[in-house]
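Structural description and commentary
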Amino acid sequence: MSPPCFVANWKMNKGIAEAESYLYALEKHTAQQMDTPLSKIDFAETILAPPFTALSFVSEFLKQSSLRVDLAGQNVHYGGEGAFTGEIAPSMLREVGCRYVIIGHSERRQIFGETDPEIHEKLDAIVKCDLRPILCIGETLQERKDGKTWAVLERQLSEAFGEILQGHGTPENISEWIIAYEPVWAIGTGQTPTPGDVASVHRKVRECLCQGLKKGRPRILYGGSVNETNIETFMKEKQIDGVLVGGASLSADKLIKIIERGTAVKRA
Ligand code: 13P
């Protein structure tokens, strides 16, 4: 079984100074648990998604440190290079040390009007650049009330994956890709679906992927008001491979608790 995955999406938070104290806190924690046979933080797969301006700093910090943490960009443009004021190309994220890119986050869909075809272009561009997508999908409260949850998720999935889900060749590293189910109404609200509800959505996502993918499966994470007190209930579900955390991940202490508690549940 692959280790559980924890993604910390800082969103538009933390400059370099705050990023530095956060990383020191993670490092200090790792140093303190060196005497345990298997470092809890090391066992988990942890991915930090800082804002663009902190990426380079965080990347350099990680190179000098013993922390085994990966980096993700929070967004990307699908063009190569060129006249796209304010945008960042996949190759730039790679150069700065990212292995992953978050795409299709509901904040980008809703606030910045990102569409399914654009998300597909982004997925294509980042995969060509040897980066791994963290594809976010999720329904709004109204869509849920109207009984359209699965229709929305299926559309978001199939439009983002495109021909891959129609059986036209499964990318070699598909098992390193990540899908994050984030119901829009659960983001930053303190409200969550029940872990059982999440598990049944994840099962459907898996079934849908199975139809098109020849081998390998992306990991499927849950996101939306995850914190250090509810993490165990989610991670108890076999269908949930990890979590994508926003607000609670802004505190290094809370992130550590989420990783420790989440990992302990998966190990049990
Ligand atoms: P919260 O954890 O703050 O609800 O945010 C979830 C999220 O949007 C992560 O990408």
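Residues numbered from 1 in each chain as written. Predicted model: local features only at pLDDT ≥ 70, side-chain atom pairs only at ≥ 80, totals over all residues. Heavy atoms only, no water.

**Some remarks on helix α9 (residues 195–212)**
With 18 residues, α9 extends 26 Å from end C-alpha to end C-alpha; this agrees with the ideal 26 Å at 1.5 Å per step. Listed as buried for α9 are Val198, Ala199, Val201, His202, Val205, Arg206, Cys208, Leu209 and Gly212. Looking at the buried residues of α9, the elements they touch are β5 (132–137), α8 (149–161), β6 (178–181), β7 (219–223) and α10 (231–235). (Helix = DSSP H or I, 4+ residues; strand = E, 2+ residues; numbered from the N terminus. Expected span 1.5 Å × (residues − 1). Buried < 20%, exposed > 50% of the residue type's maximum accessible area, 1.4 Å probe, protein only. Contact = heavy atoms within 4.5 Å.)

**A short note on the pattern of salt bridges**
Evaluation of the coordinates by the stated rule reveals 14 salt bridges. Its salt-bridge partner being Arg219, residue Glu45 comes within 3.0 Å of it at the nearest N-O pair. Of this pair, Glu45 sits in strand β2 (residues 45–49) while Arg219 sits in strand β7; the two residues are 174 residues apart in sequence, bridging distant segments of the chain. Here Glu45 matches Arg219 in class, with each residue buried. Notably, a salt bridge pairs Arg144 with Asp197, separated by 3.4 Å at the nearest N-O pair. Residue Arg144 is located in helix α7 (residues 141–145), and its partner Asp197 is located in helix α9; the two are separated by 53 residues in the primary sequence. For Asp197, a relative accessible area of 34% gives the class partly exposed. A network of salt bridges, in which partner residues are shared, links Arg108, Glu114 and Lys122. (Salt bridge = Lys/Arg side-chain N within 4 Å of Asp/Glu carboxyl O.)

**Examining the environment of Asn227**
Turning to its location among the elements, Asn227 is positioned in the loop between β7 and α10. On the accessibility criterion, Asn227 (24% relative accessible area) is partly exposed. For the pair Asn227 and Leu141, spaced 86 residues apart in sequence, the C-alpha separation works out to 21 Å. Apart from the residues lying within four places of it in its own chain, the contact partners of Asn227 are Ala248 and Ile258. Engagement of the side chain of Asn227 in a polar contact is seen with the side chain of Thr229, the distance being 2.8 Å. (Polar contact = N/O pair within 3.5 Å; in protein donor to acceptor, adjacent residues only side chain to side chain.)

**A closer look at the site of the ligand**
Neighbouring the ligand are 13 residues, the closest being Lys11, His105, Gly188, Ser225 and Gly247. Contacts to the ligand include Lys11, whose side-chain N or O atom sits 2.8 Å from an oxygen atom. Summarising the interface, the protein chains cover 95% of the accessible area of the ligand, which totals 310 Å² for the free molecule. Of the residues belonging to the shell around the ligand, the class tally is four nonpolar, seven polar and two charged. (Near = heavy atom within 4 Å. Areas by Shrake-Rupley, 256 points an atom, 1.4 Å probe, with all protein chains shown as cover. Nonpolar A, V, L, I, M, F, W, Y, C, P; charged D, E, K, R; others polar.)

**Describing the packing of aromatic side chains**
One pass over the full model with this rule turns up six aromatic pairs. Geometrically, the ring pair formed by Trp10 and Tyr22 is edge-to-face, given 4.7 Å between the ring centres and 70 degrees between the ring planes. Linking Trp10 in the loop between β1 (5–9) and α1 (16–32) with Tyr22 in helix α1, this pair joins segments that are twelve residues apart in sequence. One exposure class covers both Trp10 and Tyr22, and it is buried. Every member of this aromatic cluster is reached through a ring pair, and the members are Tyr24, Phe57 and Phe61. Its guanidinium or amino end placed over the ring of Trp10, Lys14 lies 5.7 Å from that ring's centre, counting from NZ or CZ. (Phe/Tyr/Trp six-rings, centres within 6.5 Å; stacked < 30°, edge-to-face > 60°. Lys NZ or Arg CZ within 6 Å of the ring centre and 35° of its normal.)

**Overview of helix α11 (residues 252–267)**
Compared with an ideal rise of 1.5 Å per residue, which puts 16 residues at 22 Å, α11 spans 22 Å between its outermost C-alpha atoms and is within 8% of the ideal. Burial in α11 covers these residues: Ala252, Leu255, Ile256, Ile258, Ile259, Gly262, Thr263, Val265 and Lys266.

**Brief notes about the pairing of strand β3 (residues 69–73)**
Among the five residues in β3, five count as buried, and that is most of the element. The two faces of β3 match: Val69, Leu71 and Gly73 on one face and Asp70 and Ala72 on the other face are all buried. Here β2 runs beside β3; their pairing, made up of three bridges, is parallel. Opposite Ile47, over in β3, you have Asp70 as the bridge partner. Running through helix α3 (residues 52–63), the crossover from β2 to the neighbouring parallel element β3 is right-handed. (Pairing = 2+ DSSP bridges. Right-handed = clockwise from strand over helix to strand, strands pointing away.)

**Here we look at the packing of α1 against α11**
Relative orientation of the contacting elements α1 and α11 amounts to 40 degrees, with a least axis distance of 9 Å. When the axis of α1 is compared with that of α11, the two are oblique. α11 is crossed by α1, and the crossing has right-handed handedness. Counted together, Tyr22, Ala25, Leu26 and His29 of α1 and Ala252, Leu255, Ile256 and Glu260 of α11 form the full contact between these two elements. In terms of residue class, the contact of α1 with α11 is built from six nonpolar, one polar and one charged. (Axes fitted to C-alpha atoms, helices over the stretch in contact; angles between N-to-C directions. Parallel < 35°, antiparallel > 145°, perpendicular 65-115°, else oblique. Left-handed = near helix turned anticlockwise from the far one by under 90°.)

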